[in-house]
Amino acid sequence: MIPAAFDYAKASSVDEALDLLAADGSRALAGGHSILPLLKLRLAHADRLVDIGGLAELKGVAAHDGGLRIGALTTYRELLDSALVSQGYPLLAEATDRIADLQVRNRGTVGGGVAHADPASDMAGILLALDAAFVLRSRGGTRTVASRDFFRGAFTTALAPGELLTEIVLPPLPAGAGTAYAVQEQAASGYPIAGVAAVVRRSAGGCDHVAVGVNGVADAAYRAAATEATLRGTAGDAAAIAAAAARVAEGVRVQGDIHAPAEYRAHLVSVMAGRALERAIARSA
Amino acid sequence: MTVTIGAPLRRKEDPRFLTGTAHYVDDITLPGMAHAAVLRSPYAHANIRSIDTSRAVAMPGVLGVFTGTDFMEYNPLPMAWPAGGSAGLQNNVNTPRILATDSVKWTGEGVAAVVAETREQAFDALEAIHVEWEPLPAVVDAEQATQPGAPQLHENAPNNVVFTWTVGDRDGTDRAFAEAEVIVRQRLVNQRLIPNPMEVRGDVGRYDPASGEYTIWMSSQTPHIQRLLLAAFVMGVPEHKIRVIAPDVGGGFGAKIYCYADYAMVLGLSKKLAGRPVKWVETRRESYGSTTHGRDHITYLEVAAKRDGEVTGLRVKTYANLGGRLSTIGPGIPTTLYGRLLAGPYRFPNVWCEVVGVYTNTTFVDAYRGAGRPEATYVLERAMDLLADELGIDPAEIRRRNFLPPDAFPYRNPSGLGRAPNGAEILIDSGNYEPALDKALAIAGYERLDEAKAEARGRDKYLGAGLSTYLEVCGVAPSKWIGAVGEGWGAAMWESANIRVHLTGKIVLTIGTSSHGQGHETTMAQIVAGELGVPVEDVIVQHSDTQGTPFGYGTYGSRSAAVGGTAAQLAAGKVKEKAKRLAAHLLEASPDDIVYESGKLYVRGSPDRAKTIQEIAFAIDLGFDLPAGMEPYLDETAYYDAPNCTFPFGTHVAIVEVDEGTGAVDLVRYIAVDDVGNRINPLIVEGQIHGGIAQGVGQALWEGAVYGENGALLSGSMLDYALPRASWLPDLELDQTVTPSPTNPLGVKGVGETGTIASTPAVVNAVVDALSPLGIRHIDMPLTPARVWAAMQQAKG
């Protein structure tokens, strides 16, 4: 539990951080709750950690274009303390409150967790359901990647070498939409075995906005397209929810491990989907 | 404040623990101290072709790199408790060396050691050691390991069998089965557990070149035994040249009883470094592979009974997984502490038990909180529920029909609780089982459970209740029984206590038992303060340093209060007697006329001329005016060898709800009615019961060591090994009955393990009861959502 030796550099601006990160073997250090355990277990290696933790320009939650901009270095605690989040995005507040423990929420950053891309991460499924976009900066410029194009596999994202996630952009929640997150955790780690985040608007004509993000099930968090299509246009009654939930793992390779064989996980995610959709619809105005 | 036994005092040791000022091994820093780290096998089974340390030796700060061949002057570790019994059976013994030499038998076995100026440098150098391995096929399942064609671990153990041990009456049991009106059978897996004391293990070793003496600070439950084993069995140096100190110890649960390779390693390294002290502290991940595990039984259970529920025979065959090599008392746990206890609190006329101890490519297995008794109780309490289910009799009722009645004691257990080769025998000394059962059922509202079950079904939950009416055997003694070769350590099991009353009035009690969290500094002080009638603050308890405490066998098996506490009480009695003799001299009376009351001594009828115990001690310690023949100083030692074990019992009730959709189990209520005899400190007793229940529930619902087919430990950290958390447990509803033990004058039994022994089957029985409408009669632990769901799917077809 002692990391191999590494160099340390503290960046005083995003540009300086990008210069430092351009070197081979450099890795970004934000809250440290993903990279440091990996280094301690010697499962990851870094020649140099570039500490971006002091970059104020990457912190904070602000209203933007009817939605939100969340600086990548915003901690989970700061998300929970933000009225913009609790009033505008109850899904984010509901899920953040149960991420890890108090110490991790105080130190861990939203951007760090997203860039780490653990396939079980609650935040990945939730940001997918919220149609988030990620702003990536490098010395070559800035680009924006939609959340559904960002998560590529286990601990693998659209981030290119030398690129830094700087901001998470949330569009406004569709007026009247209800949201919910249903999850069952692996007892030891507290990580989701199956988590389903649902954003559903049910109006007079039926469900006209359905977004379902899933984490913990496949090798990357994903949008459950079949579930969304099945529910869309229906009245959102129990039968429609059941039909939609049953398709939540369609098209993905469900993972199995010592805690949850694939067969169980596939069943569990449909139960979680049913529960998330039911609650989201009940909350839809 | 003068207290007597029974006062719920806050623990005297807690302020230093709560304020972070305690001294654990890792808090110890000595001048010139170097740091060791151990390279551990990545393979479960492999031959070592060669080890190249040349790159590691050249790394910054490295003082030396050593392999198994550098420690050949030390013997392999001792194995002190062969499975024996009346047949004097063969045990095919293989124990670890300080570091492996030719081959490794499990992932995590030590292969090489680096000593460096800093711990960080030592870890860096580990990565520079190159081992050329020859991987071999591995086997991790005890039953499979005995089958033809299984990979073989040791040349002297064909089919990987360490021993085959039996107990009971085979012919009588066979007859019972031939004549049985009903027979139930079940295969049960009692899964492997990983002890997780808050403080991992570690040592600081120091060799003094001037005197040739060794000092070791170790996180241990048994400092005196470790000195003996190191001296006589491992290192071959006289006992007086080794001093063992167990400073504050942050829990053990049994895993710190044993003689580990690192003890001689740090001492040997210090000697190689010409006396520089050497510290080694394991990481948590390292601990998961190289500190002992617990349980790991595969059991075939058969119960013979009459239709009215009376059990007529119990037949048990168990494969006990002992790991890749044997730990100090590994074979004793699944034999004496398991097979001999399979009748529990019941009047079973016939019991036959066969245990096969087996080597596998896994971490060695030894006692873990309860040590054999949780495994026996699990078999037994599942058996009662399986029989109740088969016969359609209520689980509480079937237990009543088989309980030993209150007039049965002392009771000779037919599975041979005692009857060692030398004739020593253990009788169950006392018991009264139905009142505890009645009390627990009343608290649980057992009569109204059907309503609760119906209500839960309306919420898509299955509700169930489970009972465990356990009997524990603890306060392990007497020496004649436990010391009979093959029945125990081949050693004694008495305890010791010394009391010195200083000139300035403080009373110092030194004891041979060794607290690793139990609260000896409070409990033992209460015993002595109560006996001497002095404020508990005036009694100072010292322990766990072989230089300065009388020899003792350490703390495990819930024995410190019953055996060590009695020794303390006897020592206090001797102090009183000597004080009376001096008081008689000073007060010009006969010792028979001296009254000792509340710390004062006076001639009967003249309490106004009393002398305090401190005044008497002052006079004795100075020795200016002693009666003829009296030695100065008030300093008394007592050794106590208990005539019998003690027998706590009780009833635990678990109430669970199972989620129909996910299979998740929620423990909604837990009731524990325990009879542990007299309670010295009820606050500490309840804390022990709380912790024990949490650990036992942990086995039932969450914990389990999982090995891959190739012998990799897949549950290798707390990310994959689920320890119980406070928020997962309901408020525990505790109550008691009190049947004082007739075996010791304190009337105490022991409480360190009752919770783990009782709670595991209570919870499993509750889950099976909840799912009985589906036709489910057994699920193997841990009852994770995935396993419960799979069982539900299978039951639904």
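Residues numbered from 1 in each chain as written. Chains lettered and ligands numbered in written order. Predicted model: local features only at pLDDT ≥ 70, side-chain atom pairs only at ≥ 80, totals over all residues. Heavy atoms only, no water.

A.B. asks: So what exactly am I meant to see when it comes to the overall build of chain B here?
C.D. replies: A count of helical and extended segments in chain B gives 19 helices and 26 strands. Relative to its length of 797 residues, chain B is compact, with a C-alpha radius of gyration of 27 Å against a globular reference of 28 Å. Once the C-alpha set of chain B is aligned to its principal axes, its extents read approximately 90 × 75 × 50 Å. Every one of the 797 residues in chain B was classed for burial, and the buried ones make up 65%. Within chain B, contacts between residues at least 6 apart in sequence are counted, and of these 80% link residues at least 24 apart. A gap of 1 Å separates the mean positions of the 69 positive and 92 negative side-chain charges of chain B. (Helix = DSSP H or I, 4+ residues; strand = E, 2+ residues; numbered from the N terminus. Rg over C-alpha atoms; globule rule 2.2 N^0.38 Å. Buried < 20%, exposed > 50% of the residue type's maximum accessible area, 1.4 Å probe, protein only. Contact = heavy atoms within 4.5 Å. Lys, Arg positive; Asp, Glu negative; His and termini not counted. Charge placed at Lys NZ, Arg CZ, Asp CG, Glu CD.)

A.B. asks: Which parts of the structure should I look at to understand the environment of Gly206 of chain A?
C.D. replies: With respect to the secondary-structure elements, Gly206 of chain A resides in strand β13 (residues 206-215). What Gly206 of chain A contacts, discounting residues up to four positions off in sequence, is Arg201, Thr234 and Ala235 of chain A.

A.B. asks: So what exactly am I meant to see when it comes to helix α10 (residues 395-402) of chain B here?
C.D. replies: All names here are of chain B. Within α10, the full set of buried residues consists of Ala396, Ile398, Arg399 and Asn402. The buried residues of α10 occupy an angular sector of 165° when the element is viewed end-on, so they sit on one face. By the N-cap criterion, in which a side-chain oxygen at the helix start approaches the backbone nitrogen of a residue two or three places on, α10 is capped by Asp394, the distance to Ala396 being 2.8 Å. (Arc of directions from axis to C-beta. Polar contact = N/O pair within 3.5 Å; in protein donor to acceptor, adjacent residues only side chain to side chain.)

A.B. asks: Looking at this model, I keep getting lost on helix α17 (residues 682-701) of chain B. Mind explaining?
C.D. replies: Each full turn of the α-helix corresponds to 3.6 residues, which orients residues three or four apart in the same direction. Residues and elements named next belong to chain B. Taking 1.5 Å as the rise per residue, α17 with 20 residues should run 28 Å; its terminal C-alpha atoms sit 28 Å apart, in good agreement. For α17, the buried fraction is high: 14 of the 20 residues fall into the buried class. Put simply, Asn681 is the residue that caps the front of α17, since its side-chain oxygen is 2.9 Å from the backbone nitrogen of Leu683. (Expected span 1.5 Å × (residues − 1).)

A.B. asks: Any chance you could explain the sheet that holds strand β26 (residues 732-736) of chain B here in plain terms?
C.D. replies: In a beta sheet, neighbouring strands are held together by backbone hydrogen bonds and run either parallel or antiparallel to one another. Residues and elements named next belong to chain B. Spatially, the four strands line up as an open sheet ordered β16-β24-β25-β26, and their pairing is mixed. Here the strands that pair on one side only, and so sit at the sheet edges, are β16 (461-471) and β26. Taken over all neighbouring pairs, the strand axes of this sheet differ in orientation by 15° on average, direction set aside. Here strand β25 (residues 665-675) pairs with β26 via five bridges, running parallel. Its bridge partner lying in β26, Ile671 is registered against Glu733. (Pairing = 2+ DSSP bridges. Axes fitted to C-alpha atoms, helices over the stretch in contact; angles between N-to-C directions.)

A.B. asks: Can you help me understand the packing of aromatic side chains in this one?
C.D. replies: Note on aromatic pairs: each is described by the distance of the centres and the angle between the planes. Residue and element names in this part refer to chain B. Summed over all chains, the structure comprises 24 aromatic pairs over all chains. Put simply, the rings of Tyr346, Phe348, Phe403, Phe409, Tyr433 and Phe649 pair up and form one aromatic cluster. Its guanidinium or amino end placed over the ring of Tyr596, Lys576 lies 5.1 Å from that ring's centre, counting from NZ or CZ. (Phe/Tyr/Trp six-rings, centres within 6.5 Å; stacked < 30°, edge-to-face > 60°. Lys NZ or Arg CZ within 6 Å of the ring centre and 35° of its normal.)

A.B. asks: Would you mind going over the domain arrangement of chain A with me for this structure?
C.D. replies: For interface size, the figure often reported is the accessible area lost on association. All names here are of chain A. Taken as a whole, chain A is organised into domain 1 (7-51), domain 2 (59-170) and domain 3 (178-283). Here domain 1 and domain 2 have C-alpha centroids that lie 19 Å from each other. With twelve residues of domain 1 at the contact, the number on the domain 2 side is twelve residues. Here domain 1 meets domain 2 over a buried area of about 1100 Å², counting both sides, of which 70% is carbon and sulfur. Run the count over domain 1 and domain 2 and you get two salt bridges. Across the pair Arg137 and Asp15 runs a salt bridge, and its minimum N-O distance is 3.0 Å. Joining domain 1 to domain 2, the criterion identifies two residue pairs in polar contact (both at pLDDT 80 or more). (Domains from an automatic or database assignment. Buried area = accessible area lost by both parts, 1.4 Å probe. Salt bridge = Lys/Arg side-chain N within 4 Å of Asp/Glu carboxyl O.)

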